[in-house]
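# A look at the structure
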Amino acid sequence: MTDPSPSIFVQIAAYRDPDLPATLHNLIERAAQPERLRFGICLQLADSDPAAWNATAFPQDCSLALIPFRAEDSRGACWARHQAQQLYGGEDFLLQIDSHMRAVQNWDDDLVKAWEACLDPKAVLSVYPNGFQLPCSLQLNTLPVMAAHRFDDFGILKFQGISRYQLPEQQPAAPLANAFMAGGFLFGPGCIVPEVPYDPSLYFYGEEVSMSARLWTHGFNLYSPHRLLLFHLYKSSSNGNDASATHWSDHSDWFLLNRRSLVRVHTLLGTLETVPQDRLRPTPDDVNDLDRYGLGDKRSLDDYQRWAGVDFAGRTISERASEGRFSR
């Protein structure tokens, strides 16, 4: 049993996001024990962004640390997550989320209870959360699980969320074993930060498959939560949500960062030779520090592929992987 009030490091990478202040206020107001929360934020803003997006609009009565960057100096999502992790102070738990989220009442207590329900000290809860509509209309009728989706044109395995359970009649009794992590919602032991730190040279594509394999080979076990706890703002102009700036829309050279990222992911997964060299053109500099952000030695990459039901080199996905059905 964990301490009755374990501390939680809430790690957020925010790129020019007008919803970040509302996210922070919502998390604090709906927490059962807001004093247990410590926020570490990589805040990336442009000089032209309004003051309503920056720290002057953040809650003033919470434990919060910032690493600020000018948006023009940003190097992408994973780089920003790595920067935020530098603020980790040994808290009991890590909660990695995006900067546009909402929560249910007493979400912090319920999140710890969900982790405890795994009966696994190496458990990591992760899923593509249900969405919400601004300002705070939550999608509450289904429960999602993680599943494999497809290999893209660069040979990177993409994931999907499947709304498998109708609520409340199909409420699972405990978290559901899985094999895939979602970058926008990850909760587990705080030791993840020093043991499986984010690779700052990854850009965006490949983040989730590489972290899934790294967590697994370091001995962590992935689960989809059995309760609705956090919700994500899926942004697009078509659904009326704010389609705010993205890194790739602001940086015309984003593909250079993405190319290096793809080389690193394929090198990590042992699949670089399966990608046409004229598409990625790998260089030694692309992977010169990859050993700092590599696989673990608790279980092998082959172990992970067998558990996940995927074959990275052969680009195959089993039926159970595509349906997100796993059992221990």
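Summary of the structure given here.

All chains considered together, the criterion is met by 17 salt bridges. Here Asp-19 ties to Arg-102 by a salt bridge, and the two come within 2.9 Å at their closest N and O atoms. With Asp-19 in the loop between β1 (8-15) and α1 (20-29) and Arg-102 in strand β5 (residues 101-103), the pair connects residues that are 83 residues apart, well separated along the chain. Just as Asp-19 is buried, Arg-102 falls in that class too. Two residues, Asp-98 and Arg-81, come together in a salt bridge whose shortest N-O distance is 3.5 Å.

Right, let's get into the packing of helix α5 (residues 207-217) against helix α9 (residues 301-308). Direction vectors running N to C along α5 and α9 enclose 110°, while the axes themselves pass 9 Å from each other. With respect to α9, the axis of α5 lies roughly perpendicular. The handedness of the crossing between α5 and α9 is right-handed. Across the interface between the two elements, Ser-212, Ala-213, Trp-216 and Thr-217 of α5 pack against Leu-301, Asp-303, Tyr-304 and Trp-307 of α9. Grouping the constituent residues of the contact of α5 with α9 by class yields 5 nonpolar, 2 polar and 1 charged.

Glancing now at the nonpolar core. Ranked by size, the top nonpolar core spans 92 residues in total, and within it Leu-95, Trp-107, Phe-180, Phe-187 and Leu-230 carry the most contacts. Aside from chain neighbours lying at most four places away, what touches Phe-180 is Ser-126, Met-146, Ala-147, Ala-148, Phe-159, Ser-212, Leu-222, Tyr-304, Ala-308, Val-310, Ala-321 and Phe-326. Ala-13, Trp-79, Ala-80 and Ala-84 belong to the second largest nonpolar core, which has 5 residues in total.

Moving on to the environment of Glu-35. With respect to the helices and strands, Glu-35 occurs in the loop between α1 and β2 (37-45). Along the backbone, Glu-35 and Asp-61 are 26 residues apart, and their C-alpha atoms lie at a distance of 9.3 Å.

Once that is clear, we can look at the packing of aromatic side chains. Throughout the structure, instances matching the rule amount to 11 aromatic pairs. Between Phe-159 and Phe-180 the ring centres are 4.5 Å apart and the planes differ by 35°, which places this aromatic pair in the tilted class. Here Phe-159, found in strand β10 (residues 157-166), pairs with Phe-180, found in the loop between β11 (176-178) and β12 (185-189); they are 21 residues apart in sequence, far enough to count as distant. This pair shows no difference in class: Phe-159 is buried, exactly as Phe-180 is. Every member of this aromatic cluster is reached through a ring pair, and the members are Phe-159, Phe-180, Trp-216, Tyr-304, Trp-307, Phe-312 and Phe-326. In this structure, Lys-122 packs its charged tip against the face of Phe-220, placed 3.9 Å from the ring centre. Over the face of the ring belonging to Trp-216 we find Arg-299, whose NZ or CZ atom lies 3.5 Å from the ring centre.

Calculation rules
- Residues numbered from 1 in each chain as written.
- Predicted model: local features only at pLDDT ≥ 70, side-chain atom pairs only at ≥ 80, totals over all residues.
- Heavy atoms only, no water.
- Salt bridge = Lys/Arg side-chain N within 4 Å of Asp/Glu carboxyl O.
- Helix = DSSP H or I, 4+ residues; strand = E, 2+ residues; numbered from the N terminus.
- Buried < 20%, exposed > 50% of the residue type's maximum accessible area, 1.4 Å probe, protein only.
- Axes fitted to C-alpha atoms, helices over the stretch in contact; angles between N-to-C directions.
- Parallel < 35°, antiparallel > 145°, perpendicular 65-115°, else oblique.
- Left-handed = near helix turned anticlockwise from the far one by under 90°.
- Contact = heavy atoms within 4.5 Å.
- Nonpolar A, V, L, I, M, F, W, Y, C, P; charged D, E, K, R; others polar.
- Core = buried A, V, L, I, M, F, W, Y, C linked by side-chain atoms within 4.5 Å.
- Phe/Tyr/Trp six-rings, centres within 6.5 Å; stacked < 30°, edge-to-face > 60°.
- Lys NZ or Arg CZ within 6 Å of the ring centre and 35° of its normal.

In short, shape yes, function no, at least from these values alone.
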